Structure formats: structure tokens, C-alpha cells
Amino acid sequence: NAGVTQTPKFRVLKTGQSMTLLCAQDMNHEYMYWYRQDPGMGLRLIHYSVGEGTTAKGEVPDGYNVSRLKKQNFLLGLESAAPSQTSVYFCASSYPWTGGSTDTQYFGPGTRLTVL
Amino acid sequence: GIQVEQSPPDLILQEGANSTLRCNFSDSVNNLQWFHQNPWGQLINLFYIPSGTKQNGRLSATTVATERYSLLYISSSQTTDSGVYFCAVEPSFGNEKLTFGTGTRLTIIP
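Rules of the game
Residues numbered from 1 in each chain as written. Chains lettered and ligands numbered in written order. Predicted model: local features only at pLDDT ≥ 70, side-chain atom pairs only at ≥ 80, totals over all residues. Heavy atoms only, no water. Helix = DSSP H or I, 4+ residues; strand = E, 2+ residues; numbered from the N terminus. Buried < 20%, exposed > 50% of the residue type's maximum accessible area, 1.4 Å probe, protein only. Contact = heavy atoms within 4.5 Å. Salt bridge = Lys/Arg side-chain N within 4 Å of Asp/Glu carboxyl O. Pairing = 2+ DSSP bridges. Axes fitted to C-alpha atoms, helices over the stretch in contact; angles between N-to-C directions. Buried area = accessible area lost by both parts, 1.4 Å probe. Polar contact = N/O pair within 3.5 Å; in protein donor to acceptor, adjacent residues only side chain to side chain. Nonpolar A, V, L, I, M, F, W, Y, C, P; charged D, E, K, R; others polar.

K.L.:
Would you explain the overall build of chain B in this entry?
P.N.:
Per the secondary structure count, chain B includes zero helices and 11 strands. Seen through its C-alpha atoms, chain B measures out along the principal axes to roughly 45 × 25 × 20 Å. Sorting the 110 residues of chain B into buried and exposed places 49% on the buried side. Long-range contacts, defined here as pairs at least 24 residues apart, represent 55% of the contacts in chain B between residues at least 6 apart.

Have a look at this one:
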């Protein structure tokens, strides 16, 4: 199993450009998440999905869009990149909450995005 | 929303020392996890521990849910333990979302 993979690993954009980050998981997880991590801070949730075809806003959704057309993929889009979106982006996936040890989230390796 | 505070923010120790990291949270939780982010940025889940005590090798964790805190213990530290340790919680009102603390940066000196 590859677990959670993210594409690309690094990207540099100019202000106003658009791009899509791809997250894929092969663990048959229902839930998927996109986070951003800024220096000195913990992870903040951007958007998440509790199943194919569903998405919901997290803590910091502005400037981002997401889609979950297939269960194994979760895409994060930036329509018009801004320097404030310079960050490291992490994708994660998990099973639905059951109150047991399967409630852990598994993280991808991250995408380092710089917006000039 | 729920508040998560971790202490200390930074910790520098000699190899072989023991350490205790603390996570305080402001509301009752369904889910509490400890993660280690290594110097290469990879996040690894250490423990799922909304209550009770668990051990895994040199690491152990205890959550006292009634008092709203969790502790992560690292014994006989090794340089590979360096990195940032995050606590993340999901409140009991169940929004299926984890809220992360700002982490404790641990540096183990050989």
C-alpha cells in the first residue's frame, strides 16, 4: 500500500496563477482532509470530505476549492494564488469515527507551495 | 471552538534524557491523537488516546479526560526523536474534525 500520496511535492506560483493539488489514498478511507501548516503553527483545516461527492468547509476555506469525484482522490484548487497562500499543504484520510483506534488520520508527505 | 494548548513550546535535551510533553484542551473530547513531525516534515501518528494510558516502546501517553489534559512521555531520548510533537483533538459534540495544538519542538543533542 502506498498510503496517502500527494502531487506535486513542490511548486512555485506567481500571484494570480491557478493550480490543483492532488491527494490519493489506497486505504479505502471514507474521510479525507486538506490542511495547511504555516511556520510555528499547527495544522489548520481547509476543507474536508466525508464521502465521495461531498465536501465541507474547515477553519480556513477562503481562496480554496475542493472536489471529491472519486473516493480515493481529493483535489485542492487555488483559483487565483496569493502570497498569503504560501504554505505547506498536507492531505490526510481516515475511516469514519467509531470511537475506536481506527479513528487515526493518516497523512501524506506534504506539498510545499510558494506564491511570489 | 475547542482550544488546544501544548507545553513547553521548545525543549532541548541530551540524548538519553526523559521528557514529558503536555496537551491541555478546553472541552470534552471524543478523539485525541499525538503526532510526530520529523525534520523532513512527515507526520506520523503516535497514539490514539482519548482516555487512559498506552505504551509503545520508549513512548507512552496518558489522557485524563475529566481534567482535560494529555501527557506524552519519551524515555531514553534518541536523536531520531527530534522534531515537532502535535496534539490534536476532536470535541465530543462530534464535528469529525481534528483541531491541532501549535506543537512542542523537541531537539535531542547527541
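Now that the structure has been shown, the text picks up again.
K.L.:
Please explain the pattern of salt bridges as it appears in this structure.
P.N.:
It is possible for side chains bearing opposite charge to pair when their charged atoms get close. Residue and element names in this part refer to chain A. Tallied over the entire structure, the rule returns four salt bridges over all chains. Residue Arg36 is joined to Asp38 by a salt bridge in which the shortest nitrogen-to-oxygen separation is 3.0 Å. Given a relative accessible area of 8%, Arg36 falls into the buried group. Residue Asp38 is classed as buried on the basis of its relative accessible area of 12%. One salt-bridge network, in which partners are shared between bridges, spans Arg36, Asp38 and Arg44.

K.L.:
I'm lost on the side chain of Ser93 of chain A in this one. Help?
P.N.:
Residues and elements named next belong to chain A. Within the fold, Ser93 resides in strand E9 (residues 87-94). Residue classification places Ser93 among the buried positions, given a relative accessible area of 0%. Ignoring anything within four residues of it in the chain, the contact list for Ser93 reads Val4, Gln25, Met27, His29, Tyr31, Met32, Tyr33, Thr104, Gln105 and Tyr106.

K.L.:
Hey, could you run me through the sheet that holds strand E8 (residues 73-78) of chain A in this one?
P.N.:
Two modes of strand pairing occur in sheets, parallel and antiparallel, and in both the strands are linked by backbone hydrogen bonds. Residue and element names in this part refer to chain A. As summarised here, the arrangement of the four strands in space is E1-E3-E8-E7, forming an open sheet in which the pairing is antiparallel. Two strands lie at the open edges of the sheet, namely strand E1 (4-7) and strand E7 (65-67), each paired on one side alone. Here the strands of the sheet are splayed against their neighbours by 20° on average, with no regard to which way each runs. In this sheet, E8 lies alongside E7 in antiparallel orientation, the contact comprising three bridges. Residue Ser67 lies in a different strand from E8, and its bridge partner there is Leu75.

K.L.:
Before we go on, may I ask you to explain the interface of chain A and chain B in this structure?
P.N.:
One frequent convention defines the size of an interface as the accessible area lost when the parts assemble. Contacts between the two partners involve 22 residues from chain A, matched on the other side by 19 residues from chain B. Summing the contributions of chain A and of chain B, the shared interface buries around 1700 Å²; its carbon and sulfur component is 57%. Inspection of the region where chain A meets chain B yields three residue pairs in polar contact (both at pLDDT 80 or more). Elements with a minimum of two residues in the side of chain A that touches chain B: strand E4 (31-37) and strand E5 (43-49) of chain A. Of the residues that constitute the side of chain A that touches chain B, the class distribution is 11 nonpolar, nine polar and two charged.

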